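This is what each chain is made of:
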Amino acid sequence: MSPPDMNATSQNAAVPLPPDTIIVVPVRNMVLFPEVVLPLTVGRPSSVAAVQQAVREQRQVVLVLQKDPENGQPGPDDLYRTGTVANILRYVTTPEGGNHLICQGVQRFQVTEFVEGHPFLLARGLHVPEPAAAGPEVEARFLVLRGQVKEVFDLLPQAPPELRQTIEATTSPSLLADLAATYLDISAKEKQELLEATELLQRLDKVSKLLAHRLEVLRLSAEIGSKTKASLDTRQREMLLREQMASIQRELGEEGSNKQELATLDKAITEAKMPPEVESVARKELKRLQRTPEAAGEYSMIRTYLDILIELPWAPPEPKGIDIAEARRVLDADHFSLDKIKRRIIEFLAVRKLAPEGKAPILCFVGPPGVGKTSLGQSIAKAMGRKFARVSLGGVHDEAEIRGHRRTYIGALPGNIIQAIRKIGARDCVMMLDEIDKMGTGVHGDPSAAMLEVLDPEQNSTFRDNYLDVPFDLSRVVFITTANMLETIPGPLRDRMEIIPLSSYTAGEKMQIAKRYLVRRQLEANGLKAEQVEIEDAALRRIIDGYTREAGVRSLEREIGRVLRHVAVAFAEGATGKKLIGVDQIEEILGPVRFENEVAMRSGVPGVATGLAWTPVGGDILFIEATKTPGTGRLQLTGQLGDVMKESAQAAFTLVKSTAAALKIDPAVLEKSDIHVHVPAGATPKDGPSAGVAMFMALSSLLTGRVIRSDTAMTGEISLRGLVLPVGGIKEKVVAAAAAGITRVMLPARNRRDYDDIPEDVRKALEFVWLERVEDAASAGLQSEAS
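Keep in mind the model is a prediction, meaning the values are calculated, not measured.

**Overview of the overall build of the protein chain**
Part 1: Within the protein chain one finds 29 helices and 24 strands.
Part 2: Computed over C-alpha atoms, the radius of gyration of the protein chain comes to 45 Å, more than 25% over the 28 Å expected from 2.2 N^0.38 for 787 residues, which places it beyond the range of a compact globule.
Part 3: Across the 787 residues of the protein chain, 47% fall into the buried class.
Part 4: Of all intrachain contacts in the protein chain linking residues separated by at least 6 positions in sequence, the fraction that spans at least 24 positions is 73%.
Part 5: When the accessible surface of the protein chain is summed, it comes to about 39,000 Å², and 51% of that surface belongs to carbon and sulfur atoms.
Part 6: When the 97 basic and 105 acidic side-chain charges of the protein chain are each reduced to a single mean position, those positions are 4 Å apart.

Given below as structure tokens:
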């Protein structure tokens, strides 16, 4: 350390200080008492300037405690009004810029006025003299206080001998009280209250009371230490705090309070009928729990683990018979149509009945939203007489949500599979793994990889959850998964499941579902009875055709609910009698028709073709529009088309050029015109090769001037040789065409294998044209030349 540079504040020295003032140094979290010597570090610029001014002029300072220690710039209102006048015995600075001083308290000081306008605070006030120490009451309190201080030193062997000697040599009651308050383990606010206690008896009483509390704590600590010292050895040093807690529990009479709880856990482990390996782990954890104090954080972790182990259904389930006739009745009662799906489910149940211990396949229902995938799983559970559990996998991107967290983490839990089984309490439940195609991959692992073990009959009999860390048999669980599309399911996971596709509902099927299920369900939901309201078939047809455009029936049920809520309002207002809802009332309640048949309107000009598309929510129709402008033979494509669809358009344009002569197209038109192909609904991304035939037909219609039949829609991929190649999603596309008012569809001849999958009522309503080559499409789809 080096002496301070007194010239560094020559500017401050030039400011004269009033002679009746004293320099104020605000301090944090410390109180200086008279006659006590304490070190002090100052860092605030104003405090440094104050100390240097005092040292330069050999002035005293007054140390005043600030009310808020976090305040970096305390003003007069932020300081207490009682402080201690102090002499600066020594002041040094360090090379790092620190300022240190040693102060000795002189006398209490009562501030009457703070003086501002200087680089630091000044104060005017009164010096508070120490009261005379006389009288038997003072002497008695002095003796009691001295005895308390000596006992404290006896219980604190690490106390400095010099401090003990100073205390024993003190004959002044006020000085003894101030010394005890200085080294007493109390807050700065409590020390400030002792500093402000100018009346000696009051001060002695306060210090004695605080010392009495401290002595009680020290005595109890010493007693606990003496009781536990004999049980310590070198290997158990870390058990000190636990033994002390045990001693405290014995003093409070709480020893053995958890014996009954431990006995209950022991009985529950026995009754859980765990496999030997699992029961061994459970009893080992129970012994750890017995040795762990209840206040320890590990206690709750072990207890939660044991509770989960006990609650899981370990015992082998009792065999349950499967009534095939009853299962067929349940499926027919809960679901309309879906004959192929029902047949496969009945086969599945028959195999489970004949071979209950066999490894059944994992069924995966794939189809658009709202076609009944989840409710099929519930029907299977009902038909088998088993409990039903549903686990949603949509948005899951952490492997721990399948396998669980390791118990080393605070708040760890088992994975969703084990939690579902624990909640439902059955090891032979039907578990629906919903939206398996919507699992993601994140930084915490790939949950689809964890599902490989869950859905593999060869492995899931020893499924090991990270939290349980013991094998759990999942082989008796009937797993059923659902998905909207297969493309996002990894190949190895898809290979473990038997895919059962569910297609879009036709208008006729929707009509039957509405009459049999939806209307009844919405009547109950809205507090109505069947004798109060009736919806005519024509009204239901109008809702299906004019207000919904979906593969399933969710929107249809919502619209039926809107109609019935309108009726419910009338009955709530006192209406009586039966309400009949017809076509006329539908538009009054639901507003204008939302979906109209645009096919005839948009197909009446050359260059417009009606295509068929597949989407994750079912089939749809789309329009291919082509026009020409003077140019150099360029082809322009718009409508947010994907790369595959753009290539289909290029192939169709090349094919039209190569067959120009057969189509009677003037080559000069191709050379002197730019062709623009647009697919409306430009905000919707589109891709795939199945629009090749529609592209070819739109270009052929444009360049020949012949209009494509407005009642015809088409799909199919094309090759440069003019072949029409097969595509997927035929059922969905054909159903969408029928719903849109199309009466004639042109399909690839190699898709005849999909004809039987098309609903019978749709087959009867449509004319099918099978295409081998694009020439077949041109001859069947183009009308005679325009006049």
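Don't stop here, the text continues.
**Quick notes on helix H21 (residues 554–572)**
Part 1: With 19 residues, H21 should reach 27 Å at 1.5 Å per residue; the first-to-last C-alpha distance of 26 Å fits that figure.
Part 2: When H21 is considered as a whole, its buried residues turn out to be Leu556, Glu557, Glu559, Ile560, Gly561, Val563, Leu564, Val567 and Phe571.
Part 3: Tucked inside the fold, the buried residues of H21 contact helix H19 (507–525), strand S14 (533–535), helix H20 (537–547), strand S15 (579–581) and helix H22 (583–590).

**Observations concerning the sheet that holds strand S9 (residues 430–434)**
Part 1: Reading across from one edge, S8-S9-S12-S7-S13 is the order of the five strands in this open sheet, with parallel pairing throughout. Two strands in the sheet have a free side with no partner beyond their single neighbour: strand S8 (388–392) and strand S13 (497–501). For this sheet, the mean angle separating the axes of adjacent strands, direction not counted, is 25°.
Part 2: Pairing analysis gives five bridges linking strand S7 (residues 362–366) to S13, with the strands arranged parallel. Counterpart to Leu363 in the pairing with S13 is Glu498.

**Examining the state of the cysteines**
Part 1: Per the counting criterion, the structure on display carries zero disulfides.
Part 2: You can see Cys364 has no disulfide; the closest cysteine sulfur is in Cys429, sitting 18 Å from it.

**Quick word on the pairing of strand S23 (residues 744–748)**
Regular strands place their side chains on alternate faces of the sheet.
Part 1: Counting buried residues in S23 gives five out of five residues, a clear majority hidden from the surface.
Part 2: Where strand S20 (residues 712–714) lies against S23, three bridges are found, and the strand directions are parallel. Each bridged residue has a counterpart across the sheet, and for Thr712 the counterpart in S23 is Arg744.
Part 3: For S23 and strand S24 (residues 767–771), the ladder comprises five bridges, and the chain directions are parallel. When the bridges of S24 are listed, Met746 appears paired with Val769.

**Examining the packing of helix H13 (residues 339–354) against helix H14 (residues 373–384)**
Part 1: It is the contact of H13 with H14, at a shortest axis distance of 12 Å, that shows an interaxial angle of 35°. Taken as a pair, H13 and H14 cross one another with a handedness that is right-handed. When H13 is examined against H14, the residues Ile341, Ile345, Phe348, Leu349 and Arg352 are found in contact with a partner set consisting of Leu376, Ile380, Ala383 and Met384.
Part 2: Per-class residue counts for the contact of H13 with H14 are eight nonpolar, no polar and one charged.

**Some words on a negative patch on the surface**
Part 1: Negative charge collects at one region of the surface, where Glu536, Asp584, Glu587 and Glu588 lie side by side.
Part 2: Looking at the element boundaries, Asp584 is found in helix H22.

**Topic: the layout of surface pockets**
Part 1: Space inside the largest pocket adds up to approximately 1,100 Å³.
Part 2: If you go around the largest pocket, you meet 43 residues; those closest to its centre are Pro501, Leu502, Ser503, Lys731 and Asp757.
Part 3: Those elements that provide at least two residues to the lining of the largest pocket are H13, S13, strand S16 (608–615), helix H27 (730–739) and helix H28 (760–765).
Part 4: In terms of residues, the lining of the largest pocket owes the most to one element, H13, which gives five residues.
Part 5: Classifying every residue of the lining of the largest pocket gives 18 nonpolar, ten polar and 15 charged.
Part 6: The space that makes up the second largest pocket amounts to roughly 680 Å³.
Part 7: Around the second largest pocket, the lining is made up of 27 residues, and of these His335, Gly372, Ser375, Arg521 and Val553 lie nearest the centre.
Part 8: Grouping the constituent residues of the lining of the second largest pocket by class yields eight nonpolar, eight polar and eleven charged.

**As for the confidence of the model for the protein chain**
Part 1: For the protein chain, the mean per-residue pLDDT works out to 84, and 92% of the residues sit at or above 70.
Part 2: The model gives residues 5–14 a pLDDT under 50, and that stretch makes eleven contacts with residues more than four places away or in other chains.

**Let's talk about the nonpolar core**
Part 1: Residues Met431 and Leu455 are the most contacted members of the largest nonpolar core, which totals 54 residues.
Part 2: Examining the composition of this core, we find that seven residues originate from one element, helix H11 (residues 297–311), more than from any other.

**Remarks on the packing of helix H3 (residues 136–155) against helix H4 (residues 161–169)**
Part 1: Contact geometry of H3 with H4 gives a least axis separation of 11 Å together with a crossing angle of 165°. Taken together, H3 and H4 sit at an angle that is classed as roughly antiparallel. As for how H3 packs across H4, the hand of that crossing is left-handed. Contacts between H3 and H4 pair Arg146, Val149, Lys150, Phe153 and Asp154 from the former with Leu163, Arg164, Ile167 and Glu168 from the latter.

**Structural notes on the environment of Arg303**
Part 1: By the secondary structure assignment, Arg303 is in helix H11.
Part 2: Classification of Arg303 by relative accessible area gives partly exposed; the value is 24%.
Part 3: Each C-alpha atom of the pair Arg303 and Gln110 lies 60 Å from the other, and the pair is 193 residues apart in sequence.
Part 4: Not counting residues within four places of it along the chain, the set of residues in contact with Arg303 comprises Glu261, Leu265 and Leu289.

**Let's talk about the pattern of salt bridges**
Part 1: Under the counting rule described, the total for this entry stands at 41 salt bridges.
Part 2: Asp307 is the salt-bridge partner of Arg303, the closest N and O atoms lying 3.1 Å from each other. Of this pair, Arg303 and Asp307 both sit in helix H11, four residues apart, which is roughly one turn of that helix.
Part 3: The partner of Lys382 in a salt bridge is Asp334, with the nearest N and O atoms 3.3 Å apart. Highlighted residues: Lys382 in helix H14 and Asp334 in helix H12 (residues 324–334), separated in sequence by 48 residues.
Part 4: Classification of Asp334 as partly exposed rests on a relative accessible area of 29%.
Part 5: One connected set of salt bridges, linked through shared partners, spans Arg108, Glu130, Asp178 and Arg203.

The rules we used
- Per chain, the residues get numbers from 1 upward, laid out in the order the sequence is written.
- Only residues with pLDDT of at least 70 get local features here, since the model is predicted, and only at 80 or more are side-chain atom pairs given and counted; chain-wide, interface and lining totals rely on the full set of residues.
- The basis for every side-chain value is the complete set of heavy atoms in the structure, and neither hydrogens nor water enter the calculation.
- Strands are runs of DSSP state E lasting at least two residues, helices are runs of H or I lasting at least four, and both sets are numbered from the N terminus onward.
- Two things to know: the radius of gyration comes from C-alpha atoms, and the globule rule equals 2.2 Å times the number of residues to the power 0.38.
- Partly exposed residues are those whose accessible area sits between 20% and 50% of the maximum for their type, while under 20% is buried and over 50% is exposed, using a 1.4 Å probe and protein chains only.
- Two residues form a contact once any of their heavy atoms are found within 4.5 Å.
- In these tables, accessible area is a Shrake-Rupley quantity obtained with a 1.4 Å probe, and a residue counts as shielded only by the protein chains included in the view.
- Here the positive residues are Lys and Arg and the negative ones are Asp and Glu; neither His nor the chain ends is included.
- In plain terms, the charge of a residue is placed at NZ if it is Lys, CZ if Arg, CG if Asp and CD if Glu.
- Given the number of residues in a helix, its expected span is that number minus one, multiplied by 1.5 Å.
- DSSP bridges decide pairing: two strands pair if at least two such bridges lie between them.
- Orientation is described by lines fitted to C-alpha atoms, with helices fitted over the stretch in contact, and by angles between N-to-C directions that extend from 0 to 180 degrees.
- The disulfide criterion is simple: two cysteine sulfur atoms within 2.5 Å.
- Crossing handedness is defined as follows: a turn of the near helix away from the far one that is anticlockwise and smaller than a right angle gives a left-handed crossing, while the clockwise case is right-handed.
- Charged residues are taken to be Asp, Glu, Lys and Arg, nonpolar residues to be Ala, Val, Leu, Ile, Met, Phe, Trp, Tyr, Cys and Pro, and polar residues to be all remaining types, Gly included.
- Only residues whose relative accessible area exceeds 30% and that form no salt bridge are eligible for patches; like-charged ones are grouped when within 9 Å, while nonpolar side chains (Val, Leu, Ile, Met, Phe, Trp, Tyr) are grouped when within 5 Å.
- When a carboxyl oxygen of Asp or Glu is within 4 Å of a side-chain nitrogen of Lys or Arg, the pair counts as a salt bridge.
- Note on definitions: the grid is 1 Å and covers protein atoms alone; a cavity is a set of points where a 1.4 Å probe fits but cannot get out; a pocket is an open set with protein on both sides within 12 Å along at least five of seven lines; lining residues have an atom within 4 Å of a point.
- Grid points are joined across faces, edges and corners, and a volume is the space filled by probe spheres set on the points.
- The predictor reports its confidence for every residue as pLDDT, a score running from 0 up to 100.
- The criterion is simple. A nonpolar core is a set of buried Ala, Val, Leu, Ile, Met, Phe, Trp, Tyr and Cys residues joined through side-chain atoms within 4.5 Å.
- In what follows, roughly perpendicular refers to angles from 65 to 115 degrees, roughly parallel to angles under 35, roughly antiparallel to angles over 145, and oblique to any angle outside these ranges.

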